[in-house]
Amino acid sequence: MADTTHHSLGAQTERTAAGADKPHSAGEANTTVRYRGGGFRTHSIFWVGPVVFVVLIAVWEWGTQTGFISNLTLPKPSDVLGTFGELWRTGTLFEHLIPSLTRFAVGSAMGCLAGVIIGVMIGLFSHVRAGLVPVVAAIFPIPKIALLPLFIIWFGIGEGSKYALIALGTFTPMVVATYGAVDNVDRTLIRMGQSFSLSWASIVRKIVLPGAMPGIFSGLRVSLAIGIILLVAAEMLGARRGIGAYILEAGSLYDLERLFAGVIILSALGVVVNFVLGLIEDRVLRWRS
Amino acid sequence: MDLRVDALSHRYGNLEVLSDISLDIPAGQVVSIIGPSGCGKSTLLRFIGGLERPSEGQIIQRGQPPEGSLNPLTYVFQDFALLPWRTVAGNIALVLEDHGLGSARQDEIITNVLARTKLSEFRDALPKQLSGGMKQRVAIARALAVNPAVMLMDEPLSALDSQTRELLMDDLIDLWARERFTAVYVTHNLAEAVRLGHQIVVLSRRPGKIREIITIETPLDARRRSDPELASIEERLWSVMRDEAQAADLELVDG
Amino acid sequence: MTKLTRRQTLGLIGGTAALAATPLIAKPAYANTSIKVGALRFTSHAASFVAFERGYFADAGLDVEFEFFQAAQPMALAIASGDADYAVTAISGALVSLAERGATKVIGGALSEEQGIDGQKIVASNAAFADGVTSPAALAGRTWAVTQAGSSFHYMGSKISGAEGVEVEFQPLQGVGNIIGALRSDQVDAWSIVPHIAKPLAAGGAINIIGDVADYLPNYQVTTVFTSTANAAEERAKTEAFLAAFARGAADFNAALVDKTEGEDGAEEMVQLIHNYVYTDRELDAARPAIVNGAMRINEGAALNTTSVEDQLNWFKSEGLVDQAASMENLVDTSYVDTM
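Conventions we followed
- Residues numbered from 1 in each chain as written.
- Chains lettered and ligands numbered in written order.
- Predicted model: local features only at pLDDT ≥ 70, side-chain atom pairs only at ≥ 80, totals over all residues.
- Heavy atoms only, no water.
- Contact = heavy atoms within 4.5 Å.
- Buried area = accessible area lost by both parts, 1.4 Å probe.
- Salt bridge = Lys/Arg side-chain N within 4 Å of Asp/Glu carboxyl O.
- Polar contact = N/O pair within 3.5 Å; in protein donor to acceptor, adjacent residues only side chain to side chain.
- Helix = DSSP H or I, 4+ residues; strand = E, 2+ residues; numbered from the N terminus.
- Buried < 20%, exposed > 50% of the residue type's maximum accessible area, 1.4 Å probe, protein only.

Colleague: Can you walk me through the interface of chain B and chain A in this structure?
Modeller: With 23 residues of chain B at the contact, the number on the chain A side is 19 residues. For the chain B and chain A pair, buried surface summed over both sides reaches about 1900 Å², with 67% attributable to carbon and sulfur atoms. Area buried by chain B at its contact with chain A is led by Trp85, Asp98 and Lys128 of chain B, which between them contribute 31% of it. The tally of links between chain B and chain A comes to two salt bridges. Lys206 of chain A is the partner of Asp98 of chain B in a salt bridge, and the nearest nitrogen-oxygen pair spans 3.7 Å. The interface formed by chain B and chain A holds eight residue pairs in polar contact (both at pLDDT 80 or more) in total.

So this is what it looks like as structure tokens:
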């Protein structure tokens, strides 16, 4: 075995030295080991995404221009753009955007804050956990939209019911994410805190809360997306201004251009919220490896 | 301050894990505890420091902890237990903040323990930037910061590679030579036990009982890796432990 | 469960009778064709139910299958997508938009407001009523409930407040159920609604009737018969057959419940027929008053009041709810029925 190895190594050297015009003529052929480790690894190619986007929109524009796609099926992208222009020029964009952003901000701030507080309490106290986990599990699957008429009775048809709807919708996923995050805080860190006789408050503030932060942030991503979805639902009743109301009105008038313009605004809102959250996360969770 | 483990037994339900352990931990000495895996040595350490309550028996403290000891019984953990979101200085500050020392005094202590563990230049580094050995040195600096009467070390070198382990062992011996600290050192590594222990307590497999206590007279700082006396002690320990380790290995995990 | 079974049986008997009778009564005017008719379970859709139950569709050679919807808007979309052939609905912004996109056409008239016949009511919440909103003239600064912008409720509210020279604020609440809830809890001030909903609520003290829509919008063409542009343009015989059968059903309905020329028995028979489709979750005795109260005239011969339709179209345009270029030509095909 050792001999063969030496022999072939020698032959390799010889062949390399002799050059390509004198091929190796020994009885056993040398073959290169075939590379078989490829694939199953994605790497980011930055330009593909935008290109796919542009091609899709170009095909869509072409289809609607030529009538290949009927105007009943999809609006022309250029008309949607025109609608945007109109929204911008007439100032209607902000007339709709500002009430919606306010509702989103107030509602999800209330919901997420309450969710984190309740979630931490569930994570820390067995009695709270035993009492509230079933309640949260019962509230979670309720489609919050179904409760809207009830909210109107409770909180009035004005902003109150809209805040309440968004707050409740963001609250439950936040609770679940938070107590999950508290449960996942490294127990050895807590035991370390106890072994140095840290006070209970210090352990919660300096170990449990920072340790739960990554989980809280991923909960925030889900909750805020739900908040945007619920914006449309919240503006179903008693709202004449707001992106959700704008979309609903466009839908009821079968005005596809406005419908698409509104949906694009919501989707852009989602992208912006996610981006801002990413920036904050990078700052706050700098310590993560 | 001396510690005494007095007739300590413990069981989880019907499963007896420790049986009638009595042990003295005199001030200024390192007591190594070794035993096969699952013999309850880490559990014993948690009883000594008051992190768990034994079914029977007690831990007795004789004498007062030294003046200015902020946390007389202080642990050093196998997995370092550093807060990843705090810097090296921040991790040490964590255990001082509750004592209301004032920021100047606190800063002084941090600077002092970092110098003693040769970490001064890493003061503002985050744990993720440090190697395993460095992390354990931060954990030791943190333990020193509270000026402990007894250090309770739970396999502090087990998570490190062998070279780092050797280096850190030398550091610990240096430290002991300078500070003469008291420690209980739990390990499953015979060489560590022999290098660092004034006394070596051998536990049997579950339920853990004291099989033997070996006292080594050679001063810690005079022990060498190649010392034939140490090698023969290690050999003896292994012969005591071998059967226990083999039997423990064959046991089902859940008994 | 037993109730359902009984009703299904009744329906089956009726259907079978109609089918069996067909060849004996008359030769089909048009070759046997199956069509889908969109309908809401409202009394205002009774003409189709009557035409089906009494075999008028079968007489016309049409094999009708009903598609039931919960709201007018999805029904209009179903006509546009070809999932239903003919339906009756109020003129809404969506209907105008769909017509402008070449998808739908109004081909006839159905429900009309008529002075002297009990029609849609203007109602006010208890709090608003107590606060002095006892007539539409007192609506200044009040909120008016609508399902959606561009709905018939929006049109009526706008026309009524315009006629009184007052400004109201429109409150979109999506569904009739939501609006009733909001009125009961005084979250909105006023609304207009068909009599069979208004009267029982007012009788129960939940709301107050403060006027009649007919006083402001005489001859208001409330609902129209519509179909897809393809049906209107290319399926003339089928469309005519549908309208003829629909008109026969409408005539029976008017005679029995609006003009009341058929006597008690005729009215009762009509109520029972309609009860097969409407208020099926209530006993006949409980459903009867609602059906009788909801009887508004359905135009003879499905005639269409184009003056009213044009007024509605102009209002949609003036409110910016539909394209300014929207035209009567695109919205209405006047070649099928008489116009007024």
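There's more to say after this.
Colleague: So what exactly am I meant to see when it comes to the interface of chain A and chain C here?
Modeller: You'll often see interface size given as the accessible area lost when the parts meet. Each partner contributes residues to the interface: chain A has 22 residues there, and chain C has 25 residues. The contact between chain A and chain C buries some 2000 Å² in all, and 56% of this surface belongs to carbon and sulfur atoms. Per-residue buried area on chain A facing chain C is highest for Arg240, Leu253 and Tyr254 of chain A; these three make up 29% of the total on that side. Applying the counting criterion to the chain A and chain C interface returns one salt bridge. Between Glu257 of chain A and Arg101 of chain C there is a salt bridge, with the nearest N and O atoms lying 3.0 Å from each other.

Colleague: What is the right way to read the pattern of salt bridges from this model?
Modeller: Between side chains of opposite charge, a pair can form when the charged atoms approach closely. If you walk through the whole model with that rule in mind, you get 39 salt bridges over all chains. Glu212 of chain B is paired through a salt bridge with Arg236 of chain B; the nearest N and O atoms lie 2.8 Å apart. With Glu212 of chain B in strand β9 (residues 210-215) and Arg236 of chain B in helix α7 (residues 228-250), this pair connects stretches of sequence that are 24 residues apart. Across the salt bridge formed by Glu268 of chain C and Arg288 of chain C, the nearest N and O atoms sit 2.9 Å from each other. In this pair, Glu268 of chain C is assigned in helix α12 (residues 263-275) and Arg288 of chain C in helix α13 (residues 284-293), connecting sequence segments 20 residues apart. Residue classification places Arg288 of chain C among the partly exposed positions, given a relative accessible area of 24%. Bridged by salt links that share partners, the residues Lys206 of chain A together with Arg86, Glu97 and Asp98 of chain B form one connected network.

Colleague: Help me out: how do you make sense of the side chain of Ser108 of chain A in this one?
Modeller: Structurally, Ser108 of chain A can be placed in helix α4 (residues 92-124). Among all residues touching Ser108 of chain A, those that are not within four sequence positions of it are Arg103, Leu113, Ile166, Thr170 and Leu224 of chain A.

Colleague: Any chance you could explain unusual backbone geometry here in plain terms?
Modeller: The phi angle of most residues is negative, glycine excepted, and most peptide bonds adopt the trans form. A positive phi is found at Tyr254 of chain A, a non-glycine position, where the angle reads about 50°. Note on placement: Tyr254 of chain A falls in the loop between α10 (243-252) and α11 (256-284). Phi is positive for Ala7 of chain B, close to 45°, though the residue is something other than glycine. Turning to its location among the elements, Ala7 of chain B is positioned in strand β1 (residues 2-12).

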